[in-house]
Amino acid sequence: MNDVLLLGPQRRPTLADAVADLGLDGPIATVNAGWQEREPDDRELDELLGERSVNLRLYARWADALRDDDELAQADRARRDRIDELQALYLRRLHHAMEGISALRHHAARDPGLRDAEMADAVEEIRRLDARHLDRIDEVEADFAQQLRLSERPVVAEHRAAVARLVGGTEAVAIAGGHVAVLLHCLRLFGLTGVLGERPVIAWSAGAMAISERVVLYHDLAVHSPGHAEVHARGLGLCRGVVPLPHARRRLRIDDHERMALLARRFAPARCVVLDDGARLSCPDGATGATDLPTVGLDGHLHAEAS
Amino acid sequence: MLHVGAQPLAIDQLRHGGADAAAVDRFLDAHDVPLVEGATGTFLWRGEADAVRVQHWVVGLPNPLPMERLDGTDLWFAVTDLPEGSRVEYRLEVVHGDHVDNVEDPRNPNHAHNPYGSNSVVHGTGYEVPDWIELDEDARRGELRDLVLHSAALGRSVHAKVYLPARYRPTARYPLLVVHDGTDYLTFAAAQTVLDNLIHRLDVAELVAVFLDPGDRLVEYANHEGHARFVADELVPELERALPLIDHRGGRCLMGSSFGAIAAFSTAVRYPDRFGSLLLQSGSFAFTDIGSDHGGGPVFDPVVAFVNAYRAEPTRVADRLYVTCGTYEPMIRGSRAMVPVFRGTGAEVRYVEARDGHNWENWRDRLRDGLAWVFPGPQKFVYE
């Protein structure tokens, strides 16, 4: 497994310090695919990495593959349609399951113990719903890969080989934020995990989410808020036991303890860790150890463990 | 007289202080016009006249609202309820003998424009002009392209504008928003700027919009078979041939306000499998429960016949409906009555009321909520 370092958002950059602390002084492969068309705009990232960055241009490779391989483009379109449909269906079920939780919470129980037992069952049902949804998404992705024989397609194989060569000349990999679904797809399509070797991985924002075990989307302050946190896909699993919550204080109703408690209970035993500005979470061999970063407790409050 | 708690209104303080010309000068210098104090608005006009009235379009208030002359001065005033969050358009009628000047409020800098001219606007406590209607330097601009299409269904050429979002890519796929009264939405509801901003902010998905204008609006938008056929069988297929659009109902939305909402709704009724969403603003949902006196005049006859028929046998016309109406406009009764009918068909309905009237800025102000609901942006996917 790889050593992984999760960072808070880089509006106030901490990347350069992190790289220095890790003793990295060689080239560093960068993944900026989450920013899609803006993938090449990586001057600031390059500066933070001492002008040693090697942009893997995974988004551009994806676009190139779609242009070059019409069958792949059509299958990719169908894949996205199926995922969108699955997500919509899952969200409908999730919405009603959440309504059930809310109804139980407001039920004037004569015996609170009975209500708590029902509540525990209701949370368990949501956990099962989340898990089943991830399985279904996996099936779509597996079908896509198998039916298309992805690894045998010339344009994909060519780009994978190029990515492997580029990564091979670097000392570490840095994965930036952006659109987490796009980022995750590019990481998978071009087989990044297969060429990492033992290189350390540094990731932040959407990058941190994409390399965790499952991608959990959330935005309590969006136009139609509060929405429900939703699982979107299984991540690369390079760091385990953690649900990274970048921008948590800007996106979550941190002070709504019941809401936050439900979030923690849905994903336990994985810990929901707040990755705000300046945060740094070290995961040696991909395992998340003790941290003094704020973690959402089962009581819905933020707790900092002793490191 | 109305008061804000124990605090007397400013106009009462002026009156009880023995107002003269100099006091009126000081008063007007010290206050924005109209005066908004809590949930009360005070309209003001200064000058010689036989009478002054406030013309407005708020159902429930006397219209016109007579102004009273402050004793010993040439200051006219009228005090009215102005609930929190209200936005009211008005004009002043200044009467000299048999002559009436209908003018905007010369002391109020806030104006709203519409196809017939402009009105003064008073903002109640708590109302804020949305920041997403203003040009945002950071937001890349989409492109408006002219489209000319000969319609066999309408028997005329249709001139429309097609909005392509910034960073438009032929390899992507976009949902389609069909906008009735398109030029008015662009002109009076800042639709292009709104789309640019909401897409830039990730509130709304990157989309293609087509802005349509009617021929004879009161005919084509009043449950017109030719209009529906044009939209469903001519316009949408043509756009789908020319542009990378999502080719199923989930990616298509019809939008309109007033009669335009009826055009959108009646098109969906005629083609129930084509459109996944409707965005209906202040729809002219006129109907009768008994008899035939709907009070809307002959132009509403086909609308009433259509809405009555639909209410008698409601059918599911879309998966999701965003319905909005101003509480100060006559259409509110129809909108409130239609919501449970729509819901009864199994459609998902979001219904929003605003303390506003039947006007373009009301419709503008609801666009973020409506569009973000119909075609939500990727905000939840993007983590900087």
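These remarks concern the structure in this document. (Residues numbered from 1 in each chain as written. Chains lettered and ligands numbered in written order. Predicted model: local features only at pLDDT ≥ 70, side-chain atom pairs only at ≥ 80, totals over all residues. Heavy atoms only, no water.)

What about the overall build of chain A?
And step 1. When its secondary structure is counted, chain A shows 11 helices and 13 strands.
And step 2. With the principal axes as the frame, chain A shows a C-alpha extent of 65 × 45 × 35 Å.
And step 3. In chain A, which comprises 307 residues, the share counted as buried stands at 50%.
And step 4. Pairs at least 24 apart in sequence give 75% of the contacts found in chain A among residues at least 6 apart.
And step 5. About 13,800 Å² of surface is accessible on chain A, with carbon and sulfur atoms providing 48% of the total.
And step 6. Charge-centre separation for chain A: the mean point of 39 positive side chains lies 3 Å from the mean point of 50 negative side chains. (Helix = DSSP H or I, 4+ residues; strand = E, 2+ residues; numbered from the N terminus. Buried < 20%, exposed > 50% of the residue type's maximum accessible area, 1.4 Å probe, protein only. Contact = heavy atoms within 4.5 Å. Areas by Shrake-Rupley, 256 points an atom, 1.4 Å probe, with all protein chains shown as cover. Lys, Arg positive; Asp, Glu negative; His and termini not counted. Charge placed at Lys NZ, Arg CZ, Asp CG, Glu CD.)

What about the pairing of strand 2 (residues 28-31) of chain A?
Residue and element names in this part refer to chain A.
And step 1. With burial as the criterion, each face of strand 2 is covered, one bearing I28 and T30 and the other bearing A29 and V31.
And step 2. Relative to strand 3 (residues 53-55), strand 2 is paired through three bridges, and the arrangement is parallel. Bridge pairing in strand 3 links I28 to S53.
And step 3. With respect to chirality, the unit in which strand 2 leads through helix 2 (residues 43-48) into the neighbouring parallel strand 3 is right-handed.
And step 4. Sheet topology places strand 2 next to strand 4 (residues 172-175); four bridges connect them, and they run parallel. For A29, the partnering residue across the bridge sits in strand 4 and is V173. (Pairing = 2+ DSSP bridges. Right-handed = clockwise from strand over helix to strand, strands pointing away.)

Notes on helix 3 (residues 58-68) of chain A
Counting along an α-helix, one turn takes 3.6 residues, and residues three or four places apart therefore face a common direction.
Residue and element names in this part refer to chain A.
And step 1. The complete set of buried residues in helix 3 reads L58, Y59, R61, W62, A65 and L66. Down the axis, helix 3 shows its buried residues gathered within 160 degrees of arc, on one side only. Opposite the packed face of helix 3, turned more than 90 degrees from it, sit the exposed residues R67 and D68.
And step 2. Packed against the buried residues of helix 3 are strand 2, helix 4 (70-106), helix 6 (154-168) and helix 7 (180-189). (Arc of directions from axis to C-beta.)

Thoughts on the sheet that holds strand 6 (residues 75-81) of chain B
All names here are of chain B.
And step 1. What the four strands build is an open sheet, ordered 1-2-6-5; its pairing is antiparallel. Both edges of this open sheet fall to strand 1 (35-37) and strand 5 (68-69), since each of them pairs with a single strand only.
And step 2. Of the pairings in the sheet, the one linking strand 1 to strand 2 (residues 40-46) comprises three bridges and is antiparallel in character. Bridge pairing links L35 to T42 in strand 2.
And step 3. Against the sheet, helix 2 (residues 21-30) contacts strand 1, strand 2 and strand 6, and its axis sits at roughly 125 degrees relative to strand 2. (Axes fitted to C-alpha atoms, helices over the stretch in contact; angles between N-to-C directions.)

A few points about the sheet that holds strand 1 (residues 4-7) of chain A
Residue and element names in this part refer to chain A.
And step 1. Strands sit in the order 3-2-4-6-1-11 across an open sheet of six strands; the sheet is mixed. Since the sheet does not close on itself, it has two edges, and those belong to strand 3 and strand 11 (280-283), each with one partner. The average undirected angle you get between the axes of adjacent strands in this sheet is 20 degrees.
And step 2. Alignment of strand 1 against strand 6 (residues 201-204), held across four bridges, turns out to be parallel.

Some details on the environment of G326(B)
Residues and elements named next belong to chain B.
And step 1. With respect to the element layout, G326 can be found in strand 17 (residues 320-326).
And step 2. In this structure, the C-alpha to C-alpha distance between G326 and G97, residues 229 residues apart in sequence, is 36 Å.
And step 3. The residues contacting G326, other than those within four sequence positions of it, are S282, I332, A354, D356 and N362.

With respect to the pattern of salt bridges
Side chains bearing opposite charge may pair, as long as their charged atoms lie close to each other.
Residue and element names in this part refer to chain B.
And step 1. Tallied over the full model, the rule gives 56 salt bridges over all chains.
And step 2. Across the pair E48 and R69 runs a salt bridge, and its minimum N-O distance is 3.0 Å. Of this pair, E48 sits in the loop between strand 2 and strand 3 (51-56) while R69 sits in strand 5; the two residues are 21 residues apart in sequence, bridging distant segments of the chain.
And step 3. Residue E48 is classed as exposed on the basis of its relative accessible area, which comes to 52%.
And step 4. For R69, a relative accessible area of 30% gives the class partly exposed.
And step 5. The network of salt bridges with common partners includes R87, E89, D356, E361, R364 and D365. (Salt bridge = Lys/Arg side-chain N within 4 Å of Asp/Glu carboxyl O.)

Looking at the interface of chain B and chain A
And step 1. At the junction of the two partners, chain B supplies 18 residues and chain A supplies 31 residues.
And step 2. Summed over both sides, the interface between chain B and chain A buries roughly 2,100 Å², with carbon and sulfur atoms accounting for 54% of that surface.
And step 3. When the buried surface of chain B facing chain A is broken down by residue, F381(B), Y383(B) and E384(B) rank first, second and third, together holding 40% of it.
And step 4. For the interface between chain B and chain A, the tally reads five salt bridges.
And step 5. Between E230(A) and K380(B) there is a salt bridge, and its shortest N-O distance comes to 2.8 Å.
And step 6. Inspection of the region where chain B meets chain A yields 11 residue pairs in polar contact (both at pLDDT 80 or more).
And step 7. Only strand 18 (348-354), helix 11 (367-374) and strand 19 (382-383) of chain B provide two or more residues apiece to the side of chain B that touches chain A. (Buried area = accessible area lost by both parts, 1.4 Å probe. Polar contact = N/O pair within 3.5 Å; in protein donor to acceptor, adjacent residues only side chain to side chain.)

Quick notes on the pairing of strand 9 (residues 111-114) of chain B
All names here are of chain B.
And step 1. Of the two faces of strand 9, only one is covered, namely that formed by A112 and N114; the face formed by H111 and H113 stays uncovered.
And step 2. Bridge count between strand 9 and strand 10 (residues 117-123): four bridges; the pairing is antiparallel. Paired with H113 across the strands is S118, a residue of strand 10.

Some words on the nonpolar core
And step 1. Counting 87 residues, the largest nonpolar core has L6(A), I175(A) and I211(A) as its most contacted members.
And step 2. Ranked by residue count, the leading element in this core is helix 5 (residues 112-148) of chain A, at 10 residues.
And step 3. L6(A) has contacts with A203(A), A208(A), I211(A), C239(A), V242(A), P244(A), L275(A), A279(A), R280(A), L281(A) and C283(A), leaving out every residue within four places of it along the chain.
And step 4. L212(B), V231(B), A264(B) and M338(B) belong to the second-largest nonpolar core, a separate cluster that totals 60 residues. (Core = buried A, V, L, I, M, F, W, Y, C linked by side-chain atoms within 4.5 Å.)

These figures capture arrangement, not role.
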